[in-house]
Amino acid sequence: LAKRVPANATPLDVLAYAPPKDADLTELFTEKGGISGITAVDACKNGIVLLEAKEMQAAQLDFGKAIVLDPKMFEAYLGRARCLSMQSLYAEAERDLNFAIQLNRQYAEAYLYRAKTRIEMEKFSEALADATLALEMGHPDHGQCLYWMGKAKLRLDRRDEACAEFYESAKLGYAEGI
C-alpha cells in the first residue's frame, strides 16, 4: 500500500487506496469533511509508476482518478489506454486514445499508441494512418513510428513497403525493427 500512495496524501486519500473493507472509515472521513490532497497530476504520476511496475489495475485506477479530477488531462487518457491495452481491452483503449487526441490534436504519442492498438484490433488502414501522422507530427522515436507503419503495411499485404519500413526502423536503432 505504501508504494501506491503518493507522498502528500491525506487520510482520506489513503483510504482511496485501501481495500474495500475500510469503506466504513471512508464514510467517517467524508462525513467529517475530509478533503483530498491528491491532485490530478499526483494521480497521473502515481499511475505511471504503477504502470512501469506492471500493476495494471492499480495504475488504471490512478489514471481514472486523474481523469475525474481533471477531465482535460490528455496524458491520463493515454496512461489508462496503455493499461487497458495491456489487458487486451483494445476497444476501451481506443476510446481513451480518441479522447486524448480530441483534447490535444498534436499529441503524437497518442496517435502512435492508437496505431499499436488498432493493429491489435485488425484495423490496419487506420493504424497506418495513425503511425504516419505520429511520424509527421515529429514523434521523437522515428524508428518506432516506421516499425508500426511497417507492421500495418505487412498486414495490408504491402510486403515490399513493409520491409523498407522495417529496414529504416532498424537503421534508426529501433530494437523491434532489427
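Our structure is the block above this text.
S.K.: An account of the overall build of the protein is requested, with residue identities and associated values reported.
M.R.: In terms of helices and strands, the protein carries 10 helices and 0 strands. The N-to-C order of helical and strand elements in the protein reads α-α-α-α-α-α-α-α-α-α. Relative to its full complement of 178 residues, the protein shows a buried share of 44%. Pairs at least 24 apart in sequence give 49% of the contacts found in the protein among residues at least 6 apart. Summed over all atoms, the accessible surface of the protein reaches about 9,600 Å², with 55% contributed by carbon and sulfur.

S.K.: Lay out unusual backbone geometry in plain terms, naming residues and giving numbers.
M.R.: Unusually for a residue other than glycine, K54 sits at a positive phi of about 65 degrees. Turning to its location among the elements, K54 is positioned in the loop between helix 3 (40–52) and helix 4 (56–69). Residue class for K54 comes out exposed when judged on its relative accessible area of 61%. Positive phi outside glycine occurs at E122, with the angle close to 65 degrees. On the secondary structure map, E122 appears in the loop between helix 7 (108–120) and helix 8 (124–136).

Cut-off values and rules
- Residues numbered from 1 in each chain as written.
- Predicted model: local features only at pLDDT ≥ 70, side-chain atom pairs only at ≥ 80, totals over all residues.
- Heavy atoms only, no water.
- Helix = DSSP H or I, 4+ residues; strand = E, 2+ residues; numbered from the N terminus.
- Buried < 20%, exposed > 50% of the residue type's maximum accessible area, 1.4 Å probe, protein only.
- Contact = heavy atoms within 4.5 Å.
- Areas by Shrake-Rupley, 256 points an atom, 1.4 Å probe, with all protein chains shown as cover.

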